[in-house]
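# Residue-level structure breakdown
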2 protein chains.
Amino acid sequence: MDKPQKIYRIALDAMGGDFAPLNEIQGAVDAYSAKSIDLDFEIVFVGQENKIKSAMKQLDMKNLNYSIVNADEIVTMDDDPTIALKKKKNSSLYKGIELHAQGYVDAFISAGNTGAVLATSTILLGRINGVSRPTIGSFFPSDRELPVLVLDVGANVDCKARFLYEFAVMGSIYFRNMYNIENPRVGLMSIGEEASKGNEIVMETHAMLKESNLNFIGNVEGRDILHAQADVIICDGFTGNIILKFAESVLGFIKTKFKTFANKNIFNKIIMASFYPIFKKIFQDMDYQKYGGVPLLGVNGVAIIGHGKSSPLAIQNMINRAVEQCQKDINEKIESALNPQNMLQKSND
Amino acid sequence: MDKPQKIYRIALDAMGGDFAPLNEIQGAVDAYSAKSIDLDFEIVFVGQENKIKSAMKQLDMKNLNYSIVNADEIVTMDDDPTIALKKKKNSSLYKGIELHAQGYVDAFISAGNTGAVLATSTILLGRINGVSRPTIGSFFPSDRELPVLVLDVGANVDCKARFLYEFAVMGSIYFRNMYNIENPRVGLMSIGEEASKGNEIVMETHAMLKESNLNFIGNVEGRDILHAQADVIICDGFTGNIILKFAESVLGFIKTKFKTFANKNIFNKIIMASFYPIFKKIFQDMDYQKYGGVPLLGVNGVAIIGHGKSSPLAIQNMINRAVEQCQKDINEKIESALNPQNMLQKSND
């Protein structure tokens, strides 16, 4: 059951994205304006106060419920993932996560350095009981309405079977709660459907998932992501990151092909100009903004990581997602599912 | 230097593809009709003689120079890769490769079971001196004219660094000779550009490639394939197979999106109907038929593997590719490059 109404406090890294703090503030304003009456939240902007205030003067802040926590330093995209922990404790990224760890806020959102959010969250928030490694998932578009959740997409390069099993548990709980799908189909990424296909870790994981109480549909292949043959697809972070980056490059590749065609002659240019708006419409669900950000699962808190180029819409969706994740007690459910006591009970059902 | 003109004999698995033997025969006829005068070849169809002859009656055979070697059995797509070696020695697949191993033909082509061609070729033809594992590469379209060669795409699931190094040598030689690129840029697939990024095998391979005399440009990421940041991209067969199958699913995904759009109303239908031919034209180099098939590199012979759905055009291109590979002495060049004596000399240059 969902909790009774409370005001969720969301720390927003105001210096995270490439267009910070403007897009961050605008996204927060939009999220607040569009929120439904049965939920309430306030935004805690974390970052350089003068820059935040000066950006606010350029925007219509409407009735946004917010506060500002000053943080002088900025973690850049090129910084080493451990920078915030080692050297930039006055950064918006560190301070925002620290506020969450200390219980002042319910969630943390950043469009900044993914590795730094991962490392800092893991240390400051700690892991959920039973979780070996926090993981980052990503949403892939598919030929149905719902996206497909692939995890891990880069947090854990070398994985043991146990890690992959835990990713499956976390992904399944997250998908069930966020998309109201009772028993999300969990697939294991491999190079053939048979249990004997894949590398050693995959075969070991296959056996573990088969014994679990997840809705495990077996191995899936590269082609099964876009065709949504599973709701949640599990792989190590090396494989997941490569597929994710390949997938992200497809839209740009298509645009280049269209441009080359258009540049051949004036007729082609006219055809492409008239088709392009349709193309954009058709591919809008390949747009990362729709999903806003990706959840960092397995930490003792709610942390959402967005694309560096996050638009106000992307930030808005990240806020909505954070509030929803808080409301649905996803971490409690993960802890319960990974509790050996509960696993035993369920397998005896 | 290329050899003086000779007549290349190409064994063609007439029972391999989903539309065998019709597409196989038509492809051979087309290849022969379109061949340039400075090269000559003849086709040895291997398969069920009665079926081949009856298919030939339906086609205009033109002046095709061919012979038929009867083989009663057929290796199906679902057969275990070792089937031909263990149980189907009378199959077109086994007999065709055997003809090659015995020196009766210069190359073998099949649109059949990839795993079976790989396993049977490796055993019957043997490996080139210095090659630990034969590998299968695949051509990816890119935003330039030339495709990108990714290898391995499934032959070797678990790889040692030495295997990946050899794939790089073979891929580089193949690309140089087939596309007349003097120093193909070799990239190592990973999840970040820095040498420290990736799993353990990737880091070890990075060090080996850096020491080599290949034009190694460092690590590349998933997004770098379609943007052709390297000519030849190296990865283990687990990763490569997943990317390949993901990539193959993109076109179908786009078609589904277009169809969904078209089915919304009659106006959309008209727009899509008029745009579809253009779309097909733009994406023609995403069509596997253009590349025909993929080479099996590292075996003591020339073996080309095609898609099960190979069209006559795909078969035609596979034949052209096989003849070219014979002409260019690619295997001798690979053997020379992997000879420790030569490697030593080159690194002393």
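Values in this document were obtained by computation on a predicted structure and should not be read as measured data.

### A look at the overall build of chain A
Scanning chain A from terminus to terminus reveals 13 helices and eleven strands. Rg of the C-alpha trace for chain A: 21 Å, near the compact-globule value of 20 Å for 349 residues, within the 12% margin. Taken over the C-alpha atoms alone, chain A extends approximately 60 × 60 × 40 Å along its principal axes. Buried residues in chain A amount to 51% of all 349 residues.

### Details of the sheet that holds strand β5 (residues 135-140) of chain B
All names here are of chain B. Judged by pairing direction, the sheet is mixed, and its eleven strands sit side by side in the order β3-β2-β1-β4-β11-β10-β5-β6-β9-β7-β8 without closing on themselves. Sheet topology places β3 (66-70) and β8 (215-220) at the edges, where each strand pairs with a single neighbour. Across the sheet, the mean angle from the axis of one strand to that of its neighbour is 25 degrees, orientation sign disregarded. As judged from the three bridges shared by strand β6 (residues 148-151) and strand β9 (residues 232-234), these two strands associate in the parallel manner. Bridge pairing links L151 to I234 in β9. Contacting β7 (185-189) and β8, helix α7 (residues 200-211) runs over the sheet at an angle of about 165 degrees to β7. The strands touched by helix α8 (residues 237-262) are β5, β6 and β7; relative to β6, the strand with the most contacts, the crossing angle is about 135 degrees.

### Notes on helix α4 (residues 92-101) of chain A
Helical geometry: 3.6 residues make up each α-helical turn, so side chains three or four residues apart lie on a common side. Residue and element names in this part refer to chain A. Counted residue by residue, α4 has eight buried out of ten residues, so it is predominantly covered. Listing the buried residues of α4 in full gives S92, L93, Y94, K95, G96, I97, E98 and H100. Those residues of α4 that are buried are in contact with β1 (7-13), β2 (40-47), β3 (66-70), α3 (83-86), β4 (107-110) and α5 (114-125). Directly after α4, the chain includes G103, whose backbone phi takes a positive value near 90 degrees.

### Quick word on the nonpolar core
Core analysis: the largest hydrophobic core is formed by 214 residues, its most contacted members being A:I10, A:I234, B:I10 and B:I234. Excluding residues that lie within four positions of it along the chain, B:I10 makes contacts with B:F41, B:I43, B:V44, B:V105, B:D106, B:A107, B:I109, B:I319, B:A322 and B:V323.

### Focus on the packing of helix α6 (residues 161-179) of chain B against helix α12 (residues 330-338) of chain B
Residue and element names in this part refer to chain B. At a minimum axis separation of 10 Å, α6 and α12 run at an interaxial angle of 140 degrees. One way to sum up the angle between α6 and α12 is to call them oblique. In this structure, α6 crosses over α12, and the sense of that crossing is right-handed. Judged by residue contacts, E166, V169, M170, I173, Y174 and N177 of α6 engage I330, K333, I334, A337 and L338 from α12. The residue makeup of the contact of α6 with α12, split by class, is eight nonpolar, one polar and two charged.

### Concerning the environment of A:L164
Residue and element names in this part refer to chain A. Its location among the elements puts L164 in helix α6 (residues 161-179). Once the C-alpha coordinates of L164 and P340 are considered, the two residues, 176 residues apart in sequence, prove to be 17 Å apart. Setting aside residues no more than four positions away along its own chain, L164 makes contact with C159, T205, I234 and D236.

### Structural notes on the interface of chain B and chain A
Taken together, the contact between chain B and chain A spans 36 residues of the former and 36 residues of the latter. Of all elements in the fold, only α8 and α9 (266-282) of chain B reach the threshold of two or more residues within the side of chain B that touches chain A. When residues of the side of chain B that touches chain A are assigned to their parent elements, the largest contribution, 16 residues, is made by α8(B).

### Quick look at the packing of α8(B) against α9(B)
Residue and element names in this part refer to chain B. Contact geometry of α8 with α9 gives a least axis separation of 7 Å together with a crossing angle of 140 degrees. In terms of their interaxial angle, α8 and α9 are classed as oblique. Between α8 and α9, the contacting residues are F258, F261 and A262 on the first element and N268, K269 and M272 on the second. Taken together, the residues of the contact of α8 with α9 break down into four nonpolar, one polar and one charged.

### Considerations on the domain arrangement of chain A
Interfaces are frequently sized by the accessible area removed from exposure as the parts join. Residue and element names in this part refer to chain A. As assigned here, chain A comprises domain 1 (1-131 + 298-349) and domain 2 (137-287). Measuring from the centre of the C-alpha atoms in domain 1 to the corresponding centre in domain 2 gives 24 Å. Contacts between the two partners involve twelve residues from domain 1, matched on the other side by nine residues from domain 2. For the side of domain 1 that touches domain 2, the secondary structure elements donating two or more residues are α12 (330-337) and α13 (340-347). Looking at which element gives the most residues to the side of domain 1 that touches domain 2, the answer is α12, with four residues. Along the lines of polarity and charge, the residues of the side of domain 1 that touches domain 2 split into six nonpolar, two polar and four charged.

### Here we look at the pairing of β8(B)
Residue and element names in this part refer to chain B. As paired strands, β7 and β8 are joined by five bridges and run parallel to one another. Note that in β8 the partner of V186 across the bridge is F216. Regarding topology, α7 serves as the crossover connection from β7 to the parallel β8, and that connection is right-handed.

### Digging into the relation of the copies chain B and chain A
Copy one and copy two of the chain differ by a rotation about an axis and a translation along that axis. Here chain B sits on chain A after a turn of 180 degrees about the axis and a move of 0.0 Å along it, with an RMSD of 0.0 Å. Overall, the copies show the geometry of a two-fold rotation axis. Counting the interface residues of chain B, we find that 100% of their copies in chain A are interface residues as well, pointing to one common contact surface.

### What about the sheet that holds strand β5 (residues 135-140) of chain A?
Residues and elements named next belong to chain A. The eleven strands are arranged β3-β2-β1-β4-β11-β10-β5-β6-β9-β7-β8 in an open sheet whose pairing can be described as mixed. Of all the strands in the sheet, just β3 and β8 (215-220) have a single pairing partner and so form its edges. The average angle at which neighbouring strand axes cross in this sheet is 25 degrees, direction not considered. Bridging between β2 and β3 involves five bridges; their strand directions are parallel. In the sheet register, G47 faces β3, and the bridge partner there is N70. Lying on the sheet, helix α7 (residues 200-211) is in contact with β7 (185-189) and β8; it crosses β7 at an angle near 165 degrees.

### Looking at the environment of B:N183
Residue and element names in this part refer to chain B. Along the polypeptide, N183 turns up in the loop between α6 and β7. Judged by the 12 C-beta atoms lying within 10 Å of it, N183 is exposed. Considered as a pair, N183 and K264 are 81 residues apart in the sequence and their alpha carbons are 50 Å apart.

### What about the confidence of the model for chain A?
Low pLDDT means the predicted coordinates in that region are not meant to be read closely. Residues and elements named next belong to chain A. For chain A, the mean per-residue pLDDT works out to 92, and 95% of the residues sit at or above 70. Across residues 345-349, confidence stays below pLDDT 50; counting only partners more than four residues off in sequence or on other chains, it has two contacts. Confidence metrics for the complex model read pTM 0.91 and ipTM 0.91.

### Here's the deal with helix α5 (residues 114-125) of chain B
Residues and elements named next belong to chain B. Helix length check: α5, at twelve residues, gives a terminal C-alpha distance of 16 Å against a target of 16 Å (1.5 Å per residue), a fit within 8%. Burial within α5 is extensive, with eleven of its twelve residues counted as buried. Residues of α5 that are buried include every one of T114, G115, A116, V117, L118, A119, T120, S121, T122, L124 and L125, and no others. In the segment just after α5, G126 is the residue with positive phi, at about 80 degrees.

### Things to note about unusual backbone geometry
Glycine aside, negative phi is the norm for most residues, and most peptide bonds take the trans geometry. Residue A:D152 is reached from A:L151 by a cis peptide bond, and omega for that bond is 10 degrees. With respect to the element layout, A:D152 can be found in the loop between β6 (148-151) and α6. Cis geometry marks the peptide bond from B:A20 to B:P21, where omega comes out at -5 degrees. Following the sequence through the fold, B:P21 ends up in the loop between β1 (7-13) and α1 (22-34). The residue A:N180 is not glycine, and still its phi comes out positive at about 50 degrees. Turning to its location among the elements, A:N180 is positioned in the loop between α6 and β7. Residue classification places A:N180 among the exposed residues on the basis of 8 C-beta atoms within 10 Å. A positive phi angle is found at A:A228, which is not glycine, with a value near 50 degrees. Considering the arrangement of structural elements, one finds A:A228 in the loop between β8 and β9 (232-234).

What counts as what
- Residues numbered from 1 in each chain as written.
- Chains lettered and ligands numbered in written order.
- Predicted model: local features only at pLDDT ≥ 70, side-chain atom pairs only at ≥ 80, totals over all residues.
- Helix = DSSP H or I, 4+ residues; strand = E, 2+ residues; numbered from the N terminus.
- Rg over C-alpha atoms; globule rule 2.2 N^0.38 Å.
- Buried ≥ 20, exposed ≤ 12 C-beta atoms within 10 Å, placed from the backbone.
- Pairing = 2+ DSSP bridges.
- Axes fitted to C-alpha atoms, helices over the stretch in contact; angles between N-to-C directions.
- Contact = placed C-beta atoms within 7 Å.
- Core = buried A, V, L, I, M, F, W, Y, C linked by C-beta atoms within 7 Å.
- Parallel < 35°, antiparallel > 145°, perpendicular 65-115°, else oblique.
- Left-handed = near helix turned anticlockwise from the far one by under 90°.
- Nonpolar A, V, L, I, M, F, W, Y, C, P; charged D, E, K, R; others polar.
- Domains from an automatic or database assignment.
- Right-handed = clockwise from strand over helix to strand, strands pointing away.
- Least-squares fit on C-alpha atoms with pLDDT ≥ 70 in both.
- pLDDT = per-residue confidence, 0-100.
- Expected span 1.5 Å × (residues − 1).

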